[in-house]
Every structure is written in C-alpha cells, then in structure tokens.
Amino acid sequence: MSLIVDRRDLDFVLFEMLDAGRLAERPQFAQYDRAAMGQILDTAQTLAEEVFLPIAAEVDANEPRFVNGQVEQPAATGAALRAWADAGFFGLAFDESSGGLQAPWTLYTAATGMAVAANTPVTNYAFLTVAAANLLNAFGSETLKRLYLPAMIEGRWFGTMCLSEPQAGSSLGDIRTMATPRGDGTYAVRGNKMWISGGEQAITDNIVHMVLAKLPDAPPGSKGISLFLVPKMRVDGDGNITGPNNIALAGLNHKLGQRATTNCLLNFGEAGESIGWMIGEPNRGLEYMFHMMNEARIGVGHASTMAGLAGYLHSADYARTRLQGRPVDSRNPASPQVPIIRHADVRRMLLSQKAAVEGAQALCLFCSMLVDDAATTTDAATRERAGRLLGLLTPVVKSWPSEHCLEANKWAIQILGGYGYTRDYPLERLYRDNRLNHIHEGTFAIQGMDLLGRKIGADGGETLRELIGVIRETLDDARAFEQLGPDCARMDSALAALESATRALLACQEPERRTANATIFLDAFGHVVLGWIWLWQARLAEARLADPTLSEAEKSFYLGKRQACRYFCLHELPHAVVRFALCESLESPALDCAPGLFGE
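Residues numbered from 1 in each chain as written. Predicted model: local features only at pLDDT ≥ 70, side-chain atom pairs only at ≥ 80, totals over all residues. Heavy atoms only, no water.

Check the secondary structure of the protein and you find 17 helices and twelve strands. The globule rule puts the C-alpha radius of gyration for 600 residues at 25 Å, and the 25 Å found for the protein is close to it. Projecting the C-alpha coordinates of the protein onto the three principal axes gives extents of approximately 80 × 60 × 55 Å. Looking at the protein residue by residue over its 600 residues, the buried ones come to 57%. Computing the positive centroid from 55 side-chain charges and the negative centroid from 69, the protein places the two 4 Å apart. (Helix = DSSP H or I, 4+ residues; strand = E, 2+ residues; numbered from the N terminus. Rg over C-alpha atoms; globule rule 2.2 N^0.38 Å. Buried < 20%, exposed > 50% of the residue type's maximum accessible area, 1.4 Å probe, protein only. Lys, Arg positive; Asp, Glu negative; His and termini not counted. Charge placed at Lys NZ, Arg CZ, Asp CG, Glu CD.)

Bringing helix H2 (residues 34-52) into the picture now. Between its first and last C-alpha, H2 extends 25 Å over 19 residues, near the 27 Å set by a 1.5 Å rise per residue. The inward-facing, buried residues of H2 contact helix H1 (7-17), helix H3 (56-61), helix H4 (75-86), helix H5 (105-118) and helix H6 (120-139). (Expected span 1.5 Å × (residues − 1). Contact = heavy atoms within 4.5 Å.)

This part covers empty space enclosed by the protein. Summed over all chains, the structure comprises two cavities of 30 Å³ or more. Estimates place the volume of the largest cavity at around 60 Å³. Looking at the largest cavity, it is lined by 14 residues, and the ones nearest its centre are Asn119, Thr120, Pro121, Arg429 and Asp433. Contributions of two or more residues to the lining of the largest cavity are made by H3, H5, H6 and helix H11 (427-435). Within the lining of the largest cavity, the residues separate by chemical class into seven nonpolar, three polar and four charged. (1 Å grid on protein atoms, 1.4 Å probe; cavity = no way out; pocket = protein on both sides within 12 Å on 5 of 7 lines; lining within 4 Å. Points joined across faces, edges and corners; volume = space filled by probe spheres on them. Nonpolar A, V, L, I, M, F, W, Y, C, P; charged D, E, K, R; others polar.)

Moving on, we get to the environment of Val397. Within the element layout of this structure, Val397 appears in helix H10 (residues 380-416). Its relative accessible area of 0% is what places Val397 among the buried residues. As a C-alpha pair, Val397 and Glu482 span 85 residues in sequence and 30 Å in three-dimensional space. Excluding anything up to four places from it in sequence, Val397 contacts Arg297, Ile298, Gly301, Leu363, Cys364 and Cys367.

Before going further, it helps to examine H1. Burial within H1 is extensive, with eight of its eleven residues counted as buried. The set of residues buried in H1 consists of Arg7, Asp9, Leu10, Phe12, Val13, Leu14, Phe15 and Met17. Contact partners of the buried residues in H1: H2, H5, helix H9 (344-376), helix H16 (518-545) and helix H17 (552-585). In this structure Asp6 caps H1, since a side-chain oxygen of it lies 3.1 Å from the backbone nitrogen of Arg8. Looking one or two residues past H1, Asp19 carries a phi angle of roughly 50°, positive in sign. (Polar contact = N/O pair within 3.5 Å; in protein donor to acceptor, adjacent residues only side chain to side chain.)

Even without a glycine there, the phi angle at Asn68 is positive, about 55°. With respect to the helices and strands, the residue Asn68 is situated in the loop between strand E1 (65-67) and strand E2 (70-72). Here Gln258, not a glycine, exhibits a phi torsion of approximately 50°, which is positive.

Pairing is possible between side chains of opposite charge, provided their charged atoms come close. Taken as a whole and assessed by the stated rule, the structure comprises 36 salt bridges. The partner of Glu154 in a salt bridge is Arg156, with the nearest N and O atoms 2.6 Å apart. The shortest N-O distance in the salt bridge between Glu165 and Lys193 comes to 3.0 Å. Highlighted residues: Glu165 in the loop between strand E3 (158-162) and strand E4 (178-181) and Lys193 in strand E5 (residues 187-197), separated in sequence by 28 residues. Residue Glu165 shares its accessibility class with Lys193, and that shared class is buried. (Salt bridge = Lys/Arg side-chain N within 4 Å of Asp/Glu carboxyl O.)

Counted by the stated rule, this structure contains 19 aromatic pairs. Each ring, one from Trp84 and one from Phe89, has its centre 4.1 Å from the other, and the planes form 20°; the classification is stacked. The exposure classification of Trp84 matches that of Phe89, with both residues buried. Among the aromatic residues, ring-to-ring pairing joins Phe12, Phe557 and Tyr558 into one connected group. The ring of Phe557 carries the charged tip of Arg8 above its face, separated from the ring centre by 4.3 Å. (Phe/Tyr/Trp six-rings, centres within 6.5 Å; stacked < 30°, edge-to-face > 60°. Lys NZ or Arg CZ within 6 Å of the ring centre and 35° of its normal.)

The next subject is the side chain of Lys354. As for its placement among the helices and strands, Lys354 is situated in helix H9. Not counting the four nearest positions on each side in its chain, Lys354 is found in contact with Tyr312, Gly359, Trp534, Gly560 and Ala564.

This part covers the state of the cysteines. All told, the structure shown has zero disulfides when counted by the stated rule. Cys367 takes part in no disulfide bond, and the closest cysteine sulfur to it belongs to Cys364, at a distance of 6.9 Å. Left unpaired, Cys405 is separated from the closest cysteine sulfur, that of Cys364, by 7.6 Å. (Disulfide = S-S within 2.5 Å.)

Membership of the largest hydrophobic core comes to 170 residues, with the highest contact counts inside it found for Tyr148, Met210, Phe521, Phe525, Trp532 and Phe580. No other element matches the 16 residues that H16 contributes to this core. Apart from residues lying up to four places away in sequence, Trp532 is in contact with Phe366, Leu467, Val470, Ile471, Thr474 and Met491. (Core = buried A, V, L, I, M, F, W, Y, C linked by side-chain atoms within 4.5 Å.)

Turning our eyes to something else, we now look at the packing of H10 against H11. The geometry of H10 relative to H11 is characterised by a closest axis approach of 9 Å and an angle of 165° between their N-to-C directions. Here H10 is positioned roughly antiparallel relative to H11, judged by the angle of their axes. With respect to the hand of their crossing, H10 and H11 are arranged in left-handed fashion. Between H10 and H11, the contacting residues are Cys405, Leu406, Asn409, Lys410, Ala412, Ile413 and Leu416 on the first element and Leu427, Glu428, Leu430, Tyr431, Asn434 and Arg435 on the second. Considering only residue class, the contact of H10 with H11 consists of eight nonpolar, two polar and three charged. (Axes fitted to C-alpha atoms, helices over the stretch in contact; angles between N-to-C directions. Parallel < 35°, antiparallel > 145°, perpendicular 65-115°, else oblique. Left-handed = near helix turned anticlockwise from the far one by under 90°.)

Below, the discussion takes up the environment of Phe158. Inspection of the secondary structure assignment puts Phe158 in strand E3. On a C-alpha basis, the gap between Phe158 and Lys398 in space is 23 Å, while along the polypeptide they are 240 residues apart. Excluding residues within four positions of it along the chain, Phe158 makes contact with Leu81, Phe90, Tyr125, Thr129, Gln201, Ile203, Thr204, Asn206, Ile207 and Val208.

Taken across its seven residues, strand E6 (residues 207-213) has seven buried, putting it largely inside the fold. Burial along E6 is two-sided: Ile207, His209, Val211 and Ala213 and Val208, Met210 and Leu212, pointing in opposite directions, are all buried. Of the pairings in the sheet, the one linking E3 to E6 comprises five bridges and is parallel in character. Bridged to Cys162 within E6 is Val211. For E6 and strand E7 (residues 226-231), the ladder comprises six bridges, and the chain directions are antiparallel. Bridge pairing in E7 places Val211 opposite Phe228. (Pairing = 2+ DSSP bridges.)

Let us look at the layout of surface pockets. Taken as a whole, the second largest pocket holds about 790 Å³ of empty space. Around the second largest pocket sit 25 residues that line it, and Asn134, His291, Glu295, Val371 and Ala375 are the ones nearest its centre. Elements that contribute at least two residues to the lining of the second largest pocket include exactly H6, helix H8 (285-321), H9 and H10. Here the residues of the lining of the second largest pocket are counted per class, giving twelve nonpolar, ten polar and three charged.

Our focus in this paragraph is the UniProt feature "domain: Acetyl-CoA dehydrogenase-like C-terminal" (unreviewed entry) in the protein. Here, the residues flagged by UniProt with the feature "domain: Acetyl-CoA dehydrogenase-like C-terminal" (unreviewed entry) are residues 468-592. A distance of 32 Å separates the end C-alpha atoms of residues 468-592, which is 81% helix and 0% strand. (UniProt positions renumbered as here; feature names shortened; annotations may be inferred.)

What follows is the structure, encoded as structure tokens:
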C-alpha cells in the first residue's frame, strides 16, 4: 500500500463526489477525461514515491547552510525538482498559449498533493514558483511575461513572494521597502525582506521575486503598497542572464520543520541598485498580492492535509502489524498478543485522523473545483457564485486543516508510542513540517479576522446565507437515509448556532468586541463546513451501500465513510455549538484582560 496517498479515496472525492470528469466538457479541458486524469495522477504518484519520498529524511537532516553569502544544500533537492519539471508539473495548470499543459486546477491540486505528502519542503519550491508565475500571468505586462514566464513554467527559474519585513511581519501597511523611479520605466528597490521562503537556493540560475514596496509619494498604510518584479539576476531583451541584481542574502532562518526550504533575510539595493519592474498599477500591490496569497492559502491548507494524511497512513499501517497487549476481555498472559488496531482507543485515534484528513482533502479539492468554475464556466451566474463561495471558504480551507490535520499528526505519533517521536519513522518530521502551516500565509488569527470582517461582514452575511442554503440541500438529501438521521440532527443544531452567533456579531457596533473571538468563530465555522463535507460523502456512501453486488472491499470503503461521518458529527461538531454560544455572548476574557496581568 502507498504511504502518501489513498487512491481509492482520491478517486471517490474527484469522480463520485465532485464529478471532476465533467471538466472535460469544457473546451479548454477537453483532453482531460477521467482516463487522462488518471494517467497524470499515476505519474505524480510514481515521482512522489520514487523521487521525493526517498530523500525526505536526508534533506531534513541536512538543512541548507549559509556559507560565504551563498546557500549550500543537498543536491538531491534540485534533482527531485528537475524530475518534477521534466514531467511538466510546473506548467500543468497553465494555458497552452503560455507553454503549459492547460489542465484543471483541481487536477493540479490532486497531483501535486502526492509530492507534498512525500516531501513538503522540496515541493515548496515548485509551489511558490507556480504561485508567482500565476501572479505574473494575471497582472504582468506582455514584456515581463515574455521574459520571465516561460522559464518559470518550465521550472528553470523559481519564484518567491517577498512581503514581510523584520519590523512589520504581518502588518504589511508598515513595510519600509522603497521603489524609486529611475526615469526609464524601471525602479530602484531598496529595503529588507524577512521570512522569504525559497529566497535563495543552489538550484536555479535565477529567482523571480515578487516584492511589495512603496513609491516615494505613496499614501500611508496598506493603500500605498505597489508590487514589483525584482529578479535575482538581470536579463537582456532576449531573456538571457547578464549579471547580478544586487540582492544580498543576509542570513537563513533555521526552522522547526520544512528545513529543506530555505527561509531567508534578503537585502535589496544594499551594494548597488536592485532594479525592479512594476506589476500592474501603482498602489494596488496588496490587491494583486492577495491574488497570489489566496491561491497560496488553499495550497497551504492542502499541504497541511497531505502531511496529516501521510501520518494517518503510516500509523494505520503500524497499528495493523504492531503486536502488543491483549483484548480487555481476555487477560490470559499465555494467549498471543494482538495487533494494537484491536484496541478501541487506537481505533479512536485512527478514526479521528481519518475524519480530519479525508474531510479536509475533500474540502481542498472542492475549493479547487471552485477555482476552475470561477475561471472557466461560461455561465456568468455560476461563475460569480463560485467566486463568492471560494472567497468565503478560503480562510477555512487554510486554517482548519492547519489546526486539525496537525492534531491528526499528534494522534499518529501517539499510536506509535515511543517510536513515534524517534527518527526511525517519519511521524516526528511530518509533525514538525506541518506545524509551520499554522503560520504560513497568514496566521490562524488573520484568517479569523478575514472571515468575520472581510468575508461575512462586508456583505452582511449574504454569501454565508448562500452557503448555508447549499448545506441545507445536502442535509435534505441525507435525511433520506435512516443511518444518517442522528448526524443530520447534529448538523441542524450546529447550523442554528452558526446563524444565531452571526446575527449577534453583525449587530455588535463595537469592532474590537465583535472580532475579539474571531479565531473561535473561524474554528467553529470550519467544523460546520467539515460536517457538511462529511454528510455529503456519507450520503453518497449510503447510496452505494444499497448495491448488493458490492465487493467486500468496496463495502468496507463505504462503511468507513459512514463511520467517519458519525465520528465527526458525534465527537467534533458539538464543539462548534459551544464555541458559537461563546461568540454570541460577546464575552471575551482576553479583551477584558489588562495587558499588565501578564507582567510588567
């Protein structure tokens, strides 16, 4: 069995739940029927298992080093990424006119997820490059696209996003990096950028940095941020490298996890001009960057899901083979020991992981399908609806997996006991890698503020009500199956609590009090969304279980869906009701707590 993907579950989500085969009915995806998608997934799985997975421990143990102003890192990192590029995965989702393979984003997400499960930090370089290339493709000039896009799509040059600064962090309105016009349409960019993943490496000849900076006459705060393309190496009009662009690596950050991905402090313009080109219009940089960040947030949520999935598959495999103890009703010391999967609490921990990772994977792929619908559906109403739902769900798809699939990694370690936190198994590495996703591309708290303030507050809850309508349609369908009755009742209670809490929060006229429990609201809302995802899956499973010709393996698969849904609705969904009640009360001990209580 694979330890990075459950292809049966992936096929279920793609083709039974989301009907991804329908994408081939669209002219731009005509070549991607189910058989073609399967071939792409097979290739991705082979590369993930034969190229990315075998080097995961090596590149974790031998993290990049800062030597004489340069990066030194294992050659295996670059070799794996070249194999990925040679197979066309950098350009999988780009249009053929740009040199890509013009595949659906849903397929790209599913395929790259296997490489992420095998080796997240190495895959990060490709993930960042694709995100930067998408940003360039969406907002860059034709000249910039001609010079830089082909090399990025081919995986010859990598890309980054340079947002944070040492003094600013997530407060982007406080950045100090300046871009001074040079009089020829270019800009001299000067400043310091911090926490830049992939900001320097020993793999490619060039790195295309997407840099947030301010013009000399920019308005204050976030409204005065522009976006610039600033390459590590300058190129001529034919795209040939001509020399350095004076971007200095000032140091590497040494991280808890994802160690094979360099994380850098970069100095722009320190020893000469760092020349950049504006992307789009002045003072709209944050708007453009959010195009990249929203995509990145889905990617980070999916990365967290895949780390959780890998841990689940390892711990399930271990539990089936590890002999220890005897059943509680058979304490005869002379009787043989049993596999630990026979112990109820081990099955509880496995079921908790299954509910988290399979639910989160379905959510990530559903959001990827919304990306495809928003970009390629010809019907305007369907396209706009997909965009609205995607915007509402983006904070959830980033935050919920980064919290609860990390928790799944914890349970995986617990199942292995002492072995779980040793390097004999990859569980401790998967946990360390996954812990970073809680912070990457906007912390949990930032996602909560985004959901409550920008997404729900901006339209008075209209899009939320639209989503609740979709959830209720699934509930109505699920009620037809007697087995799902208790689960539907619990979802009804959670929805009622969500609606009540939302009304109270929208009515609150004190912004600070309204958002004081935004993180709690986000987590509870995520539980409702995952409860819906599980009822959706369980409804499909119940329909299939009515088929008397099912094989035992297929019957077991669909029963697993039923049990995971029952577990989630019984064990997890009630937490949402409690948290919504707290939000509705507008009580906040943290808000009412003076800073001095934590010491002077």
